[in-house]
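Take a look at the letters that make up each chain.
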Amino acid sequence: MRSYAQDFYVGRRLNNQWLNGAEAVTVTLTISGAPNVCSVPTTVTIPAGQSLVYFRVEGVALGTTAISATAAGYQSEADLNLIGDHASAVFRQCADL
C-alpha cells in the first residue's frame, strides 16, 4: 500500500491562515502509534515562500497508527491518525481511534 504523494502534507499556519514563510522549515515526521503499520520520511522541508509540503506514506502492515509532525519554533497540531485498510489498499484519515 502506498499513498499518492499529494495525499498527505504538513504546513505552517497562523491563526488558521496558511503562512508562506520567508525561510525554509524542516519538519520531523514521527510515527507515534504502531511503528510497524507504515513508514514516512524522517524529515520533509517546507520551501521558503511556500506554506506546505506533501509527503508519501508507505503501508507496511494492516493496523492503526498515528503520525506526528514537529518543527523548531512551531507548535504542532493534532496527530494524523491512520487506518491501513487492506481491502481498499489506501490509507484513510480517521477522526477518532
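Coordinates for the structure precede this section.
Structural notes, computed from the coordinates. Predicted, not measured: the structure shown is a model, and the values here were computed from it. (Residues numbered from 1 in each chain as written. Predicted model: local features only at pLDDT ≥ 70, side-chain atom pairs only at ≥ 80, totals over all residues. Heavy atoms only, no water.)

### Describing the overall build of the chain
Selection rule: Think of it this way: any DSSP run of H or I at least four residues long counts as a helix, any run of E at least two long counts as a strand, and we number them from the N terminus. Only protein chains enter the accessibility calculation, which uses a 1.4 Å probe; a residue whose area is less than 20% of its type maximum is buried, one above 50% is exposed, and one in between is partly exposed. Using the Shrake-Rupley algorithm and a 1.4 Å probe, accessible areas are obtained, with residue cover drawn only from the displayed protein chains.
When helices and strands are tallied, the chain shows zero helices and eleven strands. Listing every helix and strand of the chain by position from the N terminus yields β-β-β-β-β-β-β-β-β-β-β. Taken over 97 residues, the chain has a buried fraction of 31%. As presented, the chain carries roughly 6,100 Å² of accessible surface, and 50% of it is formed by carbon and sulfur atoms.

### A look at a nonpolar patch on the surface
For the record, the criterion: Only residues whose relative accessible area exceeds 30% and that take part in no salt bridge are eligible for patches, with like-charged residues grouped when within 9 Å of each other and nonpolar side chains (Val, Leu, Ile, Met, Phe, Trp, Tyr) grouped when within 5 Å. We define a salt bridge as a side-chain nitrogen of Lys or Arg found within 4 Å of a carboxyl oxygen belonging to Asp or Glu.
A cluster of nonpolar side chains, Tyr9, Trp18 and Tyr54, forms an exposed patch at the surface whose accessible area comes to about 350 Å². When you line up the elements, tryptophan 18 lands in strand E3 (residues 17-18). When its relative accessible area of 43% is taken as the criterion, tryptophan 18 is described as partly exposed.

### Comments concerning the side chain of arginine 12
To keep it simple, the criterion reads: When charges are counted, Lys and Arg contribute as positive and Asp and Glu as negative, whereas His and the chain ends are disregarded. Polar contacts, as counted here, are pairs of nitrogen or oxygen atoms within 3.5 Å of one another; within protein the pair requires one atom able to donate a hydrogen and one able to accept it, and residues that are adjacent in sequence qualify only if both atoms are side-chain atoms.
Mapped onto the elements of the fold, arginine 12 is located in the loop between strand E1 (8-11) and strand E2 (13-14). Here arginine 12 is buried and forms no salt bridge, its nearest opposite-charge partner glutamate 23 lying at an N-O distance of 7.5 Å. In this structure the side chain of arginine 12 is engaged in a polar contact, spanning 2.8 Å, whose partner is the backbone oxygen of glutamate 23.

### Remarks on the pairing of strand E4 (residues 25-31)
This is how it is decided: A pair of strands is labelled paired if DSSP reports no fewer than 2 bridges between them.
In terms of strand pairing, E4 meets strand E6 (residues 43-46) through four bridges, oriented antiparallel. Bridge assignment links threonine 26 to a residue of E6, and that residue is threonine 45. As defined by bridge partners, E4 adjoins strand E9 (residues 63-70) across four bridges and the pair is classed as antiparallel. Within E9, the residue paired with leucine 29 across the bridge is alanine 69.

### Some thoughts on the environment of alanine 69
We count it as follows: It only takes one pair of heavy atoms within 4.5 Å for two residues to be counted as in contact.
Examined against the element boundaries, alanine 69 turns out to sit in strand E9. Discounting chain neighbours no more than four positions away, the residues touching alanine 69 are Val10, Val27, Thr28, Leu29 and Ser76.

### Quick word on the packing of aromatic side chains
Note the threshold: When two rings of Phe, Tyr or Trp (its six-membered ring) have centres within 6.5 Å they constitute a pair, described as stacked for plane angles under 30 degrees, edge-to-face for angles over 60, and tilted for the intermediate range. Lysine NZ or arginine CZ positioned within 6 Å of the ring centre and within 35 degrees of the ring normal marks a charge as sitting over the ring.
All chains considered together, the criterion is met by three aromatic pairs. Consider the rings of tyrosine 9 and tyrosine 54, whose centres lie 5.6 Å apart with planes at 70 degrees: the pair is edge-to-face. Of this pair, tyrosine 9 sits in strand E1 while tyrosine 54 sits in strand E7 (residues 52-55), and the two are 45 residues apart along the sequence. Pairwise contacts between aromatic rings join Tyr9, Trp18 and Tyr54 into one cluster. For the cation-ring pair, arginine 13 lies above tryptophan 18, with the distance from its terminal atom to the ring centre recorded as 5.4 Å.

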